[in-house]
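The lines below spell out each chain.
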Amino acid sequence: MRLDKYLKVSRLIKRRTVANDACDNAHVTVNGRPAKASYDVKENDVIEISFGERSVRVRVLAVKEHTLKADASSLYEVLP
């Protein structure tokens, strides 16, 4: 699954266009490298998203095409 779509499905970023812009502006890294929106997300990838002063690191646990809002957090685990 594309990185921008994964960020939207997992509810890490609210809209796919915003996720696409974040990737284009190098605010998203996968396994320590800047990633494009077309990057193919796999299980155990470590994604880091920078929101200004804050940053969030997560490990991908599952890749699903659709998920309910309540189950979205089961797709990843937050890393310290």
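Here's a quick rundown of the structure. Here the structure is a predicted model, which is why all the values come from computation and not from measurement.

## A look at the environment of V60
Now for step 1: By the element assignment, V60 lies in strand β4 (residues 54–60).
Now for step 2: For V60, a relative accessible area of 0% puts it in the buried group.
Now for step 3: For the pair V60 and N20, spaced 40 residues apart in the sequence, the C-alpha separation amounts to 18 Å.

## Quick look at helix α2 (residues 16–24)
Now for step 1: Buried within α2 we find A19, A22 and C23. For α2, the buried positions fall inside an angular range of 100 degrees around the axis, keeping them on one side. Those residues of α2 that are exposed and aimed more than 90 degrees away from the buried face are T17 and D24.
Now for step 2: The inward-facing, buried residues of α2 abut α1 (3–9) and β1 (28–30).
Now for step 3: Phi turns positive one or two residues past the end of α2, at A26, with a value near 60 degrees.

About the criteria used
Residues numbered from 1 in each chain as written. Predicted model: local features only at pLDDT ≥ 70, side-chain atom pairs only at ≥ 80, totals over all residues. Heavy atoms only, no water. Helix = DSSP H or I, 4+ residues; strand = E, 2+ residues; numbered from the N terminus. Buried < 20%, exposed > 50% of the residue type's maximum accessible area, 1.4 Å probe, protein only. Arc of directions from axis to C-beta. Contact = heavy atoms within 4.5 Å.

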